[in-house]
Amino acid sequence: MIAAVRTVRPVVVAVALMLAMLAGAGINPAAVSAALRIASADASVSAKLLVLLAHSRDARMQLVRLRCERNFLDFVELMWPVVDPGQPFVRGKVQEAIALHLEAVTDGRIKNLLANVPPGSTKTYLVNVFWPAWEWGPRNRPDLRYMAWSYSPELALKANDDCRKVIKSEVYQRFWGSRFKLQVGKSDAKGYYENDHGGWRRSSSIRGAATGFRADRLIWDDPHNVRDADSPAALTEATRWFARTLPTRVRNAGGEVAVKVPYWVRDIHGMLEDDPDDDRPIAATATIGIMQRVHLHDISGIILKNPALGYEILLIEMRFKGDQHPARQLKTWPASSIGYADWRIEYGELADPVRFPESAVVALEAQMIADGGGSDAIAAQLEQWPLQSGGSMFKEGWLPVIEPHEAPSGVDMRGWDFAGSKARTADQTATACVRRGTDKRFYLMSSAAMRGGPGEVDRFVRKVHADDPRSLEWSIPRDPGATGAHFAEYVVRELAPGRAVTSSAELGKVQSAKPVSSQAEHGNFYIVRHDGWERTRAQMIDFPYGDHDDLMDAISRALAAHVHTPEPQQFVGGWTISGWAPS
């Protein structure tokens, strides 16, 4: 053995043997000799590997178990092949930051955690798959109960099942199987399973039923569907769930307390000899939310503006903005209670350059723009701050005002948005004429709005019809059902006879405005000075959070008429409801 030592790098061997002796866990002389022979044959062998090889296999397994019990991310790395055997786990700064905060929750240093991270950060695996399994086994807390939600019941169910796969795996059972057992039968299913220490896991969606269940860990993982970011109904549904359902699922709302269990109860359950004093700790319920931003007023937006909710905030934007990030400029922005600080220094530095290098991020941004999301999708999902931060989809610089003589010739289209109420708070009947110039850009030529009853609206429409040239086509909304079709026919037959009028169902207001916003952002939309242009421009800047959106809806419809070809429908008074045709 001494001769072997002389044939390898002295420093490496000395360090390896010293660390091995300091570890003090089953040093095997034969294993040391084998390690030295390997090092003699391969100079690239590291000191860490020599230390590992200097222990018996049983000792090495014990070291692995200990390190995974101390470090959550080591546990993730160990168990990763169970859930994704085809790809290795990429351990980066984003994953380390998430793990640091989850460990703080486990230790009781954080009670409520909100993590806003970009897509592709393995957030679901970390929070909703590995962390519960880590607390049950390596941290020896099989008594904990978990309730997890997502916008999709299928995604929540998969995370629940993946966690069960980890627990049932051969490696997990070898190291921690003696600490608890999963119950068999109906309580061992994908959506719900129990163990023999009172702990359980249940999954649901924000639409699903959760009454009757209270948990120690409330996990909400992507409560908003990105596809529903522009849906007020979906947004309200999620925020209402957060405000009304989530708080009622708390098992213990207080802090850490110790409860004295009567001696005779401990005696009956065989607990008397384990701990004669037996001050049993009761842990406060922890709430963990992890998501990418989708909207200014999403659940994250509510938490950021309400520090009384008591959330620790972990914010990781794709491109580092430091103190210039709008969230960090909020007066309500909380300092880290565990001393965490973003590791990046340079403005624009990427969060995960290994998995998402510059070329991949540029491609992802281009895809989001091509998909119709524009800069708002990038700002929300990648930078964790929706563009509506100022209350609008339009920046002032995107809406230049020009004089009438500066607008080129082109084709005009008029859009309408109807209302029939005199209430001061109600929207108005609005109309806007948008020209597509010979330069392929769009020009808002005129806009007007009025508030009145049905008769006053009729007179307003007839006046605009009389003033417009007959060649100017109109686009009007058609509400679902027979009533909408009858009103469209009424406009063509009674209010604007002889004019080509297209009629189509309304999309969501924000969804309809996105093409206008995209054109404005790229310098292809101009406001031509006309009576009332100031009010119209102000409404666009405030959209969609202003008091009214009638003029914006009319503009969206007029621009859409330029780029969409309506499908022919029935003839009305010599004209089709969805396109012009002779009778």
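Refer to the structure printed above.
Worth saying up front: this structure is predicted, and the values here are computed from it rather than measured.

(A) Quick peek at the environment of Ala284. The residue Ala284 is located in the loop between strand S7 (279-282) and strand S8 (286-291) in this model. Exposure remark for Ala284: the relative accessible area of 16% places this residue in the buried category.

(B) Layout of the pattern of salt bridges. Per the counting criterion, the structure on display carries 31 salt bridges. The shortest N-O distance in the salt bridge between Arg67 and Asp74 comes to 3.2 Å. Accessibility expressed as a relative area gives 48% for Arg67, which makes it partly exposed. The shortest N-O distance in the salt bridge between Glu383 and Lys321 comes to 3.3 Å.

(C) How the structure looks around the packing of helix H8 (residues 123-136) against helix H9 (residues 153-168). Relative orientation of the contacting elements H8 and H9 amounts to 40°, with a least axis distance of 9 Å. Considering the angle they form, H8 stands oblique to H9. Seen along the crossing, H8 lies across H9 with a hand that is right-handed. Each of Thr124, Tyr125, Asn128, Val129, Phe130, Pro132, Ala133 and Trp136 in H8 lies in contact with H9, whose residues at this interface are Lys158, Ala159, Asp162, Cys163, Val166 and Ile167. Residue composition of the contact of H8 with H9, grouped by class: 10 nonpolar, 2 polar and 2 charged.

(D) Local environment of the side chain of Glu317. Structurally, the position occupied by Glu317 is in the loop between strand S9 (311-315) and helix H14 (358-370). Exposure remark for Glu317: the relative accessible area of 0% places this residue in the buried category. There is a polar contact of 2.9 Å between the side chain of Glu317 and the backbone nitrogen of Lys321. The contact partners of Glu317, leaving out residues within four places of it in the chain, are Pro118, Gly322, His325, Arg328, Arg344, Ala351, Leu382, Glu383 and Gln384.

(E) Geometry of the environment of Leu78. Structurally, Leu78 is set in helix H6 (residues 72-83). C-alpha separation for the pair Leu78 and Arg65, spaced 13 residues apart in sequence, amounts to 9.7 Å. If near-sequence neighbours (up to four positions away) are discounted, Leu78 is found in contact with Val64, Cys68, Val171, Phe175 and Trp176.

(F) Inspection of the packing of aromatic side chains at higher detail. Tallied over the entire structure, the rule returns 26 aromatic pairs. Measuring from centroid to centroid gives 5.7 Å for Phe75 and Trp176, while their planes differ by 65°, and the two rings are edge-to-face. You can see Phe75 sitting in helix H6 and its partner Trp176 sitting in helix H10 (residues 170-176), a full 101 residues away along the chain. Take Phe75 and Trp176: they sit in the same class, and that class is buried.

(G) Quick look at the sheet that holds strand S15 (residues 501-504). Reading across the sheet, the 7 strands line up as S10-S16-S13-S12-S11-S14-S15 and stay open at both edges, with mixed pairing between neighbours. Where the open sheet ends on each side, the last strands, each with one partner, are strand S10 (401-402) and S15. Sheet analysis places strand S12 (residues 429-437) next to strand S13 (residues 442-450), joined by 8 bridges and oriented antiparallel. Each residue of the ladder has a partner; that of Thr429, found in S13, is Met450. Packing against the sheet, helix H19 (residues 533-542) makes contact with S10, S13 and strand S16 (525-528), and its axis sits at approximately 150° to S16.

(H) How the structure looks around the sheet that holds strand S2 (residues 145-150). Read from one edge to the other, the open sheet built from 7 strands follows the order S3-S4-S2-S5-S8-S1-S9, with strand pairing classed as mixed. Looking at which strands have only one partner, the edges of the open sheet turn out to be strand S3 (192-194) and S9. Pairwise comparison of adjacent strand axes, ignoring direction, gives a mean angle of 15° for this sheet. Note: strand S5 (residues 217-221) against S8, 5 bridges, orientation parallel. Residue pairing for S8: Asp221 is matched across the bridge by Ile290. Running over the sheet, H9 touches S2, S3 and strand S4 (200-205) and is turned about 160° from S4.

Scoring rules and cut-offs
Residues numbered from 1 in each chain as written. Predicted model: local features only at pLDDT ≥ 70, side-chain atom pairs only at ≥ 80, totals over all residues. Heavy atoms only, no water. Helix = DSSP H or I, 4+ residues; strand = E, 2+ residues; numbered from the N terminus. Buried < 20%, exposed > 50% of the residue type's maximum accessible area, 1.4 Å probe, protein only. Salt bridge = Lys/Arg side-chain N within 4 Å of Asp/Glu carboxyl O. Axes fitted to C-alpha atoms, helices over the stretch in contact; angles between N-to-C directions. Parallel < 35°, antiparallel > 145°, perpendicular 65-115°, else oblique. Left-handed = near helix turned anticlockwise from the far one by under 90°. Contact = heavy atoms within 4.5 Å. Nonpolar A, V, L, I, M, F, W, Y, C, P; charged D, E, K, R; others polar. Polar contact = N/O pair within 3.5 Å; in protein donor to acceptor, adjacent residues only side chain to side chain. Phe/Tyr/Trp six-rings, centres within 6.5 Å; stacked < 30°, edge-to-face > 60°. Pairing = 2+ DSSP bridges.

Just distances and angles here, no functional claims.
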